[in-house]
Amino acid sequence: MVNLKGDDKSRYVSAMFDKVAERYDLMNTIMSGGMHHFWRKKASRLALQGIEGDILDIATGTGDFAIELARSSKINRVVGLDFSAKMLPIAKNKSVKKHLINKSDWVLGNAMTLPFVGEHFICVTI
């Protein structure tokens, strides 16, 4: 097992997710027995209770949770942040196909150093 810290660990994990990006959704379906669809819908309902505004989804991966959140009429915009450069184009393509590109942004970044000003988001998910 690799024992890395700081930026070295971030680069290692990012590279690992870059390698599996094209198979990530299939892996989630197999590993969860398809339950991740149910869990995502339930988590979205819970996260959206009584809020309106912009949401940040950290470690967005291929964007499924961010897209689920963007479906709500009470949400202005969802920003999906991930440090895997190969995950974000998949997320963006999904948002285009679901006609939610106007409510979503996809940002390459590290959760340890968020590139946003404080108190911008009404909700943060991960």
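Given the structure is predicted, the values throughout are model-derived calculations rather than measurements. The numbers attached to residues start from 1 for each chain and follow its sequence in the written order. With pLDDT at 70 or above as the cut-off, local features in this predicted model cover only qualifying residues; side-chain atom pairs require 80 or more to be listed or tallied, and sums for whole chains, interfaces and linings still use all residues. To obtain the side-chain values, all non-hydrogen atoms of the structure were included, while hydrogens and water were left out.

*Asks:* Could you clarify how one ought to interpret the overall build of the chain in this entry?
*Replies:* In DSSP terms, a helix is any run of H or I states spanning at least four residues, a strand is any run of E spanning at least two, and both are numbered starting from the N terminus. A tally of helices and strands in the chain yields five helices and four strands. N-terminal to C-terminal, the α/β element order of the chain is α-α-α-β-α-β-α-β-β. Here the globule rule reads 2.2 Å times residues to the power 0.38, and the radius of gyration is calculated from C-alpha atoms. In summary, the chain has a C-alpha radius of gyration of 15 Å against a globular reference of 14 Å for 126 residues, a match within 12%. If you line up the chain on its principal axes, its C-alpha atoms span 45 × 35 × 25 Å.

*Asks:* Any chance you could explain the environment of Leu-100 here in plain terms?
*Replies:* Along the chain, Leu-100 falls in the loop between helix H5 (87-97) and strand E3 (104-108). Given the relative accessible area of 10%, Leu-100 is considered buried. Taking the C-alpha atoms as reference, Leu-100 lies 11 Å from Asn-76; in sequence the two are 24 residues apart. The contact definition used throughout considers only heavy atoms, calling two residues in contact when any of these lie within 4.5 Å. Ignoring anything within four residues of it in the chain, the contact list for Leu-100 reads Ile-67, Ala-70, Arg-71 and Ser-95. Whether a residue is buried, partly exposed or exposed follows from its accessible area with a 1.4 Å probe, protein chains only, as a fraction of its type maximum: under 20%, in between, or over 50%, in that order.

*Asks:* Looking at this structure, how should I read the pattern of salt bridges?
*Replies:* Two side chains with opposite charge may pair up if their charged atoms get near one another. Just to be clear on terms, a salt bridge is a Lys or Arg side-chain nitrogen sitting within 4 Å of an Asp or Glu carboxyl oxygen. Applying the stated criterion across every chain yields a total of six salt bridges. With its nearest N and O atoms 2.6 Å apart, the salt bridge here joins Asp-25 to Lys-94. Taken as a pair, Asp-25 in helix H2 (residues 24-32) and Lys-94 in helix H5 lie far apart in primary sequence, 69 residues in all. We classify Asp-25 as partly exposed; its relative accessible area is 24%. The shortest N-O distance in the salt bridge between Asp-105 and Arg-77 comes to 2.5 Å. Placement of Asp-105 in strand E3 and of Arg-77 in strand E2 (residues 75-82) is noted, with a sequence separation of 28 residues between them.

*Asks:* Would you mind going over the side chain of Asn-110 with me for this structure?
*Replies:* Relative to the helices and strands, Asn-110 resides in the loop between E3 and strand E4 (123-125). We call two N or O atoms a polar contact when they sit within 3.5 Å, provided that within protein one can donate a hydrogen and the other can accept it, with sequence-adjacent residues counted only if both atoms are side-chain atoms. In terms of polar contacts, Asn-110 uses its side chain to reach the backbone amide nitrogen of Met-112, at 2.8 Å. Here Asn-110 is in contact with Ser-10, Leu-81 and Phe-83, once residues within four sequence places are set aside.

*Asks:* Even after reading the chapter, I still don't get the packing of aromatic side chains, so can you show me in this structure?
*Replies:* Describing an aromatic ring pair means giving the distance of the ring centres and the angle of the ring planes. Centres within 6.5 Å are what make two rings of Phe, Tyr or Trp a pair, Trp counting through its six-membered ring; a difference in plane orientation under 30 degrees is then read as stacked, over 60 as edge-to-face, and the rest as tilted. Tallied over the entire structure, the rule returns two aromatic pairs. Between Phe-17 and Tyr-24, the ring centres sit 6.1 Å apart and the planes meet at 65°, which makes this aromatic pair edge-to-face. Assessed through its relative accessible area of 28%, Phe-17 is described here as partly exposed. An angle of 90° between the planes, with centres 5.1 Å apart, marks the rings of Phe-116 and Phe-121 as edge-to-face. Classification of Phe-116 by relative accessible area gives partly exposed; the value is 27%.

*Asks:* Please explain a nonpolar patch on the surface as it appears in this structure.
*Replies:* Surface patches are drawn from residues lacking salt bridges whose relative accessible area is over 30%; two like charges belong together within 9 Å, two nonpolar side chains (Val, Leu, Ile, Met, Phe, Trp, Tyr) within 5 Å. Areas reported here follow the Shrake-Rupley algorithm with a probe of radius 1.4 Å; residue values treat only the protein chains shown as occluding. A cluster of nonpolar side chains, namely Met-35, Phe-38 and Trp-39, defines an oily patch on the protein surface of about 330 Å² accessible area. Mapped onto the elements, Met-35 comes out in helix H3 (residues 35-47). For Met-35, a relative accessible area of 36% puts it in the partly exposed group.

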